[in-house]
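Read off the chains here:
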Amino acid sequence: MVTLAEVAQHAGVSASTVSYVLSGKRSISATTRLRVEQSIRELGYHPNAGARALASSRSNIIALMVPLRTDMYVPVMMEIAIAVATTARMHGYDVLLLTGEEGPDAVRRVTGSGLADAMILMDVQLDDERLPLLRGSGQPSVLIGLPADTTGLTCVDLDWSATGALCVEHLAKLGHHDIAVIGEAPAVYERHTGFAERTLDGLRVRARELGLRVLHRPCEGGYDAMAVTLARILDERPGTTGFVVQNESAVEPLLALLRQQGRAVPEDVSVVAICPDQVAVQASVRLTSVGIPAPDMGRYAVERLIATLEGRAAGEVVLLAPELTVRASSGPAPAAS
C-alpha cells in the first residue's frame, strides 16, 4: 500500500505539503498542488479513511435508515437505497446501511458515536418516533417521506396525496362511480406510515369532490388474502367497477380472481395500480399505473443532504409530481344493466 511519505518523496515535497493538498487546510501554490496530485494518481495513493476522519472531524459517511419489514415491498426500498449509495459516492461519501427496526435507538447510536456525518431516514410515519431525537441532535438529515409535522425538516417524497387524487380522477373520467381501494397490509396503516395514509387521504378527498363512492380495504397480499378481500368488497359494494391497488403483492392475485369470476379487465372492471413500472408492464394485463420514481427519490435526497452539509439549504420539502400511464387495464365503465 502506497504511503503519504512515498507520495511526498515522489513529488519532491514534504509530507506535510501532501497532507495540506489533501485537506485543503492551507494554501498551496498551483504548481506544487499539480505535482502532488500527479504523484497521487501515478502511485495510486488512497488516504486512510480513519486518519482522514480524525484529521477533519468528518467521516464522509451517510447513514441510511431503511427498516426492511415483511409488510413492505422491499424491491422499491432497495431501488431507493441503491440510488442513495450511487449518488453519495459521486459526492465522495459512502453509505452505512441500517436495516433493523431499532427506531430512536439507531438514531441515538449514530448521532452519539460520530459514525456518520449525516442521516437519511426512510419508512417515515406521520408521527415518527425518531424525529424528536433527530431534531434535538442537530445532525444534518433528510427524510424520504413526509411526517405530519415537517417543521425544520428536509423531506423528499412522491406527492402521495396527488397520486391518490390522480387515480380517482382517471376512473371518474371513464364513468366509474363505485371504487374499491385495495391497500397495503393492515400493519402499514396501524403504524400510520406516511405514504399509505397520504395516498388514501388524497383519494378520498378527490372522490368526495367528484361525488364518487370509495371503499378501502387493507390486504396482506397473496392469493388467499386477496380472495377474502375481494369477496368482502363485492359483498358490500356489488356495483364496484373500479379498483385502485396500492399493494404490489396483491396485483396478480386480483387479476387472477377477476378472471375466475368472469369479470373481464377492462370491459367489466378497471384496475389502476400504484406501483413500479416493471410491476405494471409485467402483469398479466398491462396495468394503468402511477409509477414510483424510486431513483429520483434517492438522488434528490442525497443532493438535498449535500446542500445541507455545505450550508446551502435546510428545512425544505420536495414533492415529486405523480405521472399516470394509461395501459390496458382501464376503460369506460360498463353500462348499467
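Definitions and limits used
Residues numbered from 1 in each chain as written. Predicted model: local features only at pLDDT ≥ 70, side-chain atom pairs only at ≥ 80, totals over all residues. Heavy atoms only, no water. Axes fitted to C-alpha atoms, helices over the stretch in contact; angles between N-to-C directions. Helix = DSSP H or I, 4+ residues; strand = E, 2+ residues; numbered from the N terminus. Parallel < 35°, antiparallel > 145°, perpendicular 65-115°, else oblique. Left-handed = near helix turned anticlockwise from the far one by under 90°. Contact = heavy atoms within 4.5 Å. Nonpolar A, V, L, I, M, F, W, Y, C, P; charged D, E, K, R; others polar. Buried < 20%, exposed > 50% of the residue type's maximum accessible area, 1.4 Å probe, protein only. Salt bridge = Lys/Arg side-chain N within 4 Å of Asp/Glu carboxyl O.

Naming follows an unreviewed UniProt entry, where the protein chain appears as LacI family transcriptional regulator of Streptomyces adustus.

(A) Quick look at the packing of helix H5 (residues 74-90) against helix H14 (residues 294-309). Where H5 contacts H14, the axes come no closer than 7 Å and their chain directions differ by 40°. Taken together, the axes of H5 and H14 lie oblique to each other. Of the two possible hands of crossing, H5 and H14 adopt the one that is right-handed. Two secondary-structure elements touch here, H5 through Val76, Glu79, Ile80, Ala83, Val84, Thr87 and Ala88 and H14 through Ala294, Pro295, Met297, Gly298, Arg299, Val302 and Glu303. In terms of residue class, the contact of H5 with H14 is built from nine nonpolar, two polar and three charged.

(B) Local environment of the side chain of Thr288. Within the fold, Thr288 resides in strand E10 (residues 288-290). Thr288 sits in the buried class, given a relative accessible area of 0%. Once residues lying within four places of it in the same chain are set aside, the contact partners of Thr288 are His170, Val271, Val272, Ala273, Leu324, Thr325, Val326, Arg327, Ala328, Ser329 and Ser330.

(C) Layout of the pattern of salt bridges. All chains considered together, the criterion is met by 15 salt bridges. Here Asp123 ties to Arg69 by a salt bridge, and the two come within 2.6 Å at their closest N and O atoms. One end of the pair, Asp123, is in the loop between strand E3 (118-121) and helix H7 (131-137); the other, Arg69, is in the loop between strand E1 (61-65) and H5, and 54 residues separate them in sequence. Take Asp123: its relative accessible area is 7%, and that puts it in the buried class. On the basis of relative accessibility, which here comes to 14%, the residue Arg69 falls in the buried class. A salt bridge links Glu236 to Arg232; the shortest N-O distance between them is 3.8 Å. Placement of the pair is Glu236 and Arg232 together in helix H11 (residues 223-236), with a separation of four residues, close to one helical turn. Accessibility expressed as a relative area gives 37% for Glu236, which makes it partly exposed. Because the salt bridges share partners, they merge into one network encompassing Glu169, Arg206 and Glu209.

(D) Focus on the packing of helix H1 (residues 4-11) against helix H3 (residues 30-43). The N-to-C vectors of H1 and H3 enclose an angle of 120°; their axes lie 9 Å apart at closest approach. The pairing of H1 with H3 is recorded here as oblique in orientation. Seen from above, H1 lies across H3 with right-handed handedness. Residues Glu6, Val7, His10 and Ala11 of H1 form the contact with H3, whose participating residues are Arg35, Val36, Ser39, Ile40, Glu42 and Leu43.

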